[in-house]
Structure formats: C-alpha cells, structure tokens
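The primary structure of each chain is shown beneath.
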Amino acid sequence: MVTVVGLGFVGLTTALGFADHGIKVYGLEAMPERLSTIQGGKLPFMEPGLDEALPRNLGKNFIPTDDWDLAIANSECVYYCVGTPYGEDGQADLTYLFGAMDQTLAAIHDGKPRVMVVKSTVPPSTCEKRVIPFLAERGVKVPEQMGVANNPEFLREGHCWDDFTQPDRIVLGVSDERSEAMLRKLYAWTDAPVIAVNLNTGEYIKYLSNTSLACLISFSNEMSLAADAIGGIDVAKAFRVLHMDKRWQTGTIRAYCYPGCGYGGYCLPKDTNAFYAVAKGVGFDGQILKNVIDTNDAMPEATAKRIIRAAGEDKDVCIGILGLSFNVGSDDVRDAPSGRIIRALNEAGYKNIVAYDPVAMEGFQRFYKLDYHCAAGYEDVVREADMFAITTAWPMFGDIKEKTDKPVVDCRYML
Ligand SMILES: NC(=O)c1ccc[n+]([C@@H]2O[C@H](COP(=O)([O-])OP(=O)(O)OC[C@H]3O[C@@H](n4cnc5c(N)ncnc54)[C@H](O)[C@@H]3O)[C@@H](O)[C@H]2O)c1
C-alpha cells in the first residue's frame, strides 16, 4: 500500500496510475477544496485520461483523505508529490516537502520501517544532503527505520495519464536494497526499463532532461530573434525544413527545437533556475544554462515588441491575445508566456487588450492582475480586436487568417 502526498498534476496521476494497476493508494491533499473536488469524483484541473481513471478507482483502490494517521498506518511507502517552487536566488523551495515529511513522522505510531520517495523535482544532492540529515535531526535512522529514495517524474501536462501509464523509462534514485525492491514491485506492471541509480544521479537525470529541453527552446528562440533582426526570413518555414532532416524525425523532440514566445509552465522555468543556482552554489557557474535562462527571460519583452510593431503608435488599438495557457492541451497558467507578454504590453502603455483561450480563462483571471479583459468566445475576440497575437498554439487558431484580414502576429509560428 502506498500513500501519495499532494494531489496535483503529478500526485493525482501517480495515485491513479498505481491504483489502476491494483495497488491500494491513499491520497493526502492539503487544499480542502481540491480534496473535496477529488473525493466528489471530479478533477481540479483539465487532464485527459485522469477524468476516466478517477471514477474507475475512487473508493476502490484510491482513497483521497485528510486522515494522515489512517493513510500512514496502512502504507509501506510514502510518495511526495508536493510543489517545489522558486525559492531564494532561484533555489528550489523545499518547505512543502519538509512539511509533508514532518506530518508523516507525526503519523507513525508503530515501529515499522517505511520508504519515503521524493517524486517532486528536487535538485541533485537534496536526498543526500537535505532529506537524510533532516530525518537524522529527528532521530530517524536511514535506512533501518526509513528508506529514502527518489523517483523523478517526466510527464507532460496535457498528457499526464498517457505519459505515466506508458513511460519510456522509470528512474529510481536509491541507496538501499529494501527501497529499491519495493519501488521495483510498484512498477512491475510496466515493460519500460526500470533504471536504478544512486540518489544524486536520480535527481540529476530529471534536471538533465528539463535543462536540455529548455536549451533547445532558447536556442530556437534566439535563432528566431536573429532572423527577425536580419529580416526577410520565413522562420516557421525554416524550422519546418530543419525538421525534415531524418535525424529529427523520430519521436517528438523536434517540437522543442522550434521557436515560440519562451518556455513557461510549472517546470522548465523553475527547474532551469534551480539547477543553475545549485551548481553555482558549489562553485560552477554554467554559462550555457545562464544564457538559456536569460534568453527565456527576455522573450516576453521581445515578443511584446513584435506585437507593438504590428500595433503601431496608437495605444488605444485593441490587441487580441489568442491563448492564455502555458501550452496546448493544458489549462495550467503558471508562468505562462501570455501573462508576461500582457504585462510587457501594459507597461508599454497598451491596455486595450482582449484575450481568449478555450480552457484557461478562468484560471488566468484568478492568477494574473493585469489590464485586459476576456472575450466570451473566439468569434467575439475576432470581432472586437483590431489585431491579434497567437500566444498559445491551440489548433483552433489555425484559421484566424481565414476569419479576418486584420494583422496577426504568429508568436508560436503555427500558421
Ligand atoms: N506539473 C508537471 O508537469 C510536472 C512534471 C514533472 C515533475 N513535476 C514536479 O512535481 C512536483 C509537483 O508538481 P505539480 O505540478 O503536481 O504541483 P501542484 O501544485 O499541481 O500539486 C502539488 C500539490 O501538493 C499539495 N500539498 C502541498 N503540501 C502538502 C502537504 N503537506 N500535504 C498534502 N498536500 C500537500 C498542494 O496543495 C498541491 O495540491 C513539483 O516538484 C514539480 O516540479 C511537475
């Protein structure tokens, strides 16, 4: 039996993914509203596949609860899927992780050994240098009383269910045999390679993945800015031709080697910063990563400039922002480029902004206090705006040029 702490994108997917394979899972969630939504059989966010997996498992193999004693008493393994947001100087903030670990220790009333598994993204050396000493300070012996492991998650929002249930690799960061054996048992249902490495390497593999993706995106964005400065270059066409090279043809990695308006969402911005900060903290100032981050930080401003070039001097022009979620297929607006672009437009004096997104308008309005308003529908934004900027590549925006002759800035190079 397993307890999953934190029922966000990663935790709810993990809990339901294990439950679907016959493992009994308790899900602990700190936000009462989120917990009761899940207990009622509804998803707190949009995620295809999870909507069917939840009712299938709810009350059977999956028990969402706020009863720590019940969950921990019955679990041999505790998965931490809590947030690890930006902390000081770009470092990962581990407050939620340590809070959840303290709650776990308080709920243990027997002497049975368990395994604590960090699925949250945490920088290399977190388990070794932070978690194990944290447990030692509380008198917990590792691994005799508590195994410590990590099991990084590679899912993409919008594809959470498919990515979890059809993984291409499972990484286990482990330092003792009991933890490794328990984790291998949990993944007995998959044919994917299960790779056990030491704790630091497990954590590092996750950052290697995210920083390499960020690198491709920033490289593509820098190339698009250079093309823009030179002028007369069809950037979308050029990248599509690059992808015809057969070395780019397998898999979907080429989607990351494509320009847009900067990476956003919950992972790439904070993880690139956290890795850079951790390496810098031990005396390694990574220049490529530094520039990847700087390039991305400059993208909202650069994108706003492209939009302003098309808008002209008249600050009353009505700019239609098409797309608010950080990526297609998701309603997540955390660190969404659209938010930063609207802020940059506002700062330049453009406040007559109307936005539309098929799924993310409600979340965006809660999250961002900016000068803009939302349109009721796609047709309304097309009617109201004097010009458009595509900021999320929703396929529905592919027909914008058939709908209107007004200027369109294709910030995602999708047309
Ligand atoms: N979202 C992704 O695409 C993705 C992909 C891979 C890895 N990750 C990593 O996984 C982790 C979680 O990401 P997420 O997007 O699922 O975050 P999230 O914010 O959607 O979910 C985290 C949940 O943990 C809950 N929580 C925090 N402290 C708690 C506690 N003490 N007890 C119970 N619940 C608690 C929060 O209320 C929240 O619902 C992060 O470290 C992230 O970097 C995310």
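Residues numbered from 1 in each chain as written. Predicted model: local features only at pLDDT ≥ 70, side-chain atom pairs only at ≥ 80, totals over all residues. Heavy atoms only, no water.

Caption draft 1: Highlighting the overall build of the protein chain. Looking only at helices and strands, the protein chain features 16 helices and 13 strands. Against the 2.2 N^0.38 benchmark of 22 Å for 415 residues, the protein chain shows a C-alpha radius of gyration of 23 Å, consistent with a compact globule. Judged by the C-alpha coordinates and their principal axes, the protein chain covers about 70 × 50 × 40 Å. The burial tally for the protein chain puts 52% of its 415 residues in the buried class. Excluding contacts between residues fewer than 6 apart, the proportion of contacts in the protein chain whose partners are at least 24 apart in sequence is 70%. (Helix = DSSP H or I, 4+ residues; strand = E, 2+ residues; numbered from the N terminus. Rg over C-alpha atoms; globule rule 2.2 N^0.38 Å. Buried < 20%, exposed > 50% of the residue type's maximum accessible area, 1.4 Å probe, protein only. Contact = heavy atoms within 4.5 Å.)

Caption draft 2: Seen up close, the packing of helix α12 (residues 287-311) against helix α13 (residues 337-347). Two numbers describe how α12 lies on α13: the axes approach to 8 Å, and their chain directions differ by 55°. By the angle between their axes, α12 is oblique relative to α13. Note that α12 runs across α13; the crossing there is right-handed. The residues of α13 that touch α12, namely those facing Asp297, Pro300, Glu301, Thr303, Ala304, Ile307 and Ile308, are Arg340, Ile341, Ala344 and Leu345. Broken down by class, the residue content of the contact of α12 with α13 amounts to 7 nonpolar, 1 polar and 3 charged. (Axes fitted to C-alpha atoms, helices over the stretch in contact; angles between N-to-C directions. Parallel < 35°, antiparallel > 145°, perpendicular 65-115°, else oblique. Left-handed = near helix turned anticlockwise from the far one by under 90°. Nonpolar A, V, L, I, M, F, W, Y, C, P; charged D, E, K, R; others polar.)

Caption draft 3: Quick look at the site of the ligand. Around the ligand sit 28 residues, and of these Glu29, Thr84, Gln103, Glu157 and Lys270 come closest. Between the ligand and Glu157 there is a distance of 2.8 Å, counted from a nitrogen atom to a side-chain nitrogen or oxygen. For the ligand, an oxygen atom lies 3.1 Å from a polar atom in the side chain of Arg334. Within the residue set of the shell around the ligand, elements represented by two or more residues are α1 (9-20) and α5 (95-106). Top element by residues in the shell around the ligand is α5. It accounts for 3 residues. Taken together, domain 1 (2-197) and domain 2 (207-410) each give at least three residues to the shell around the ligand, which thus spans both. (Near = heavy atom within 4 Å. Polar contact = N/O pair within 3.5 Å; in protein donor to acceptor, adjacent residues only side chain to side chain. Domains from an automatic or database assignment.)

Caption draft 4: Region of interest: helix α10 (residues 235-242). Taken together, the buried positions of α10 are occupied by Val235, Ala236 and Phe239. Axial view of α10: buried residues confined to an arc of 100°, hence all on one face. Among the structural elements, α9 (199-230) are those in contact with the buried residues of α10. (Arc of directions from axis to C-beta.)

Caption draft 5: Focus on the packing of α9 against helix α11 (residues 268-281). Here α9 crosses α11 at 115°, and the two axes come no closer than 9 Å. Taken together, the axes of α9 and α11 are roughly perpendicular relative to one another. The handedness of the crossing between α9 and α11 is left-handed. Taking contact as the criterion, the partners of Tyr204, Lys206, Tyr207, Asn210, Thr211, Leu213, Ala214 and Ile217 in α9 are, on α11, Leu268, Asp271, Thr272, Ala274 and Phe275. Residues belonging to the contact of α9 with α11 are distributed by class as follows: 8 nonpolar, 3 polar and 2 charged.

Caption draft 6: Just the sheet that holds strand β11 (residues 373-374), in detail. Pairing is parallel across the open sheet formed by 5 strands, whose spatial order is β11-β10-β9-β12-β13. Lying at the two open borders of the sheet, with one neighbouring strand each, are β11 and β13 (408-410). Of the strand pairs in this sheet, strand β10 (residues 353-356) and β11 are connected by 2 bridges, and their pairing is parallel. Note on β11: the bridge partner recorded for Ala355 is Cys374. (Pairing = 2+ DSSP bridges.)

Caption draft 7: Molecular detail of the nonpolar core. In terms of nonpolar packing, the biggest core is built from 44 residues, with Ile307, Ile319, Ile321 and Leu345 touching the most fellow members. Looking at this core, the elements that each hand over two or more residues are α12, β9 (319-322), α13, β10, α14 (361-367), α15 (378-384), β12 (387-390) and β13. In this structure Ile307 touches Ile319, Ile341, Leu345, Met387, Ala389, Val409 and Cys411, once residues within four positions along its chain are discounted. With 41 residues, the next largest nonpolar core counts Trp68, Phe134, Leu268 and Phe275 among its residues. (Core = buried A, V, L, I, M, F, W, Y, C linked by side-chain atoms within 4.5 Å.)

Caption draft 8: Up close: α11. Taking 1.5 Å of rise per residue, 14 residues should cover 20 Å, and α11 covers 20 Å from first to last C-alpha, within 8% of that figure. The buried count for α11 comes to 11 of 14 residues, which makes it a mostly enclosed element. For α11, the full list of buried residues reads Leu268, Pro269, Lys270, Asp271, Thr272, Asn273, Ala274, Phe275, Tyr276, Ala277 and Ala279. Contact partners of the buried residues in α11: α9 and α12. At the C-terminal side of α11, Gly283 shows a positive phi close to 95°. (Expected span 1.5 Å × (residues − 1).)

Caption draft 9: Representation of the pairing of strand β8 (residues 194-197) within the structure. In this sheet, β8 lies alongside strand β7 (residues 170-173) in parallel orientation, the contact comprising 4 bridges. If you follow Ile170 over to β8, its bridge partner there is Val194.

Caption draft 10: Expanded view of the domain arrangement of the protein chain. The domain boundaries assigned to the protein chain delineate domain 1 (2-197) and domain 2 (207-410). The distance between the C-alpha centroids of domain 1 and domain 2 comes to 32 Å. The largest per-residue losses of area from domain 1 upon contact with domain 2 belong to Met46, Tyr86 and Glu157, which jointly make up 37% of the total buried on that side. Put simply, domain 1 and domain 2 have 1 salt bridge between them. As a salt-bridge pair, Glu157 and Arg334 come within 3.5 Å of each other at their nearest N and O atoms. (Buried area = accessible area lost by both parts, 1.4 Å probe. Salt bridge = Lys/Arg side-chain N within 4 Å of Asp/Glu carboxyl O.)

Caption draft 11: Highlighting the packing of aromatic side chains. For the structure shown, the criterion picks out 17 aromatic pairs. Summarising the aromatic geometry, the rings of Phe18 and Tyr187 are spaced 5.3 Å apart at their centres and angled 65° between planes, so their arrangement reads as edge-to-face. Here Phe18 is found in helix α1, whereas its partner Tyr187 is found in the loop between α8 (177-186) and β8, with 169 residues between them in sequence. Accessibility classification places Phe18 together with Tyr187 in one group, the buried group. Cation over ring: Lys270 sits above Tyr266, and NZ or CZ is 4.8 Å from the ring centre. Across the ring face of Tyr266, the terminal group of Arg334 is positioned such that the distance to the ring centre comes to 3.9 Å. (Phe/Tyr/Trp six-rings, centres within 6.5 Å; stacked < 30°, edge-to-face > 60°. Lys NZ or Arg CZ within 6 Å of the ring centre and 35° of its normal.)

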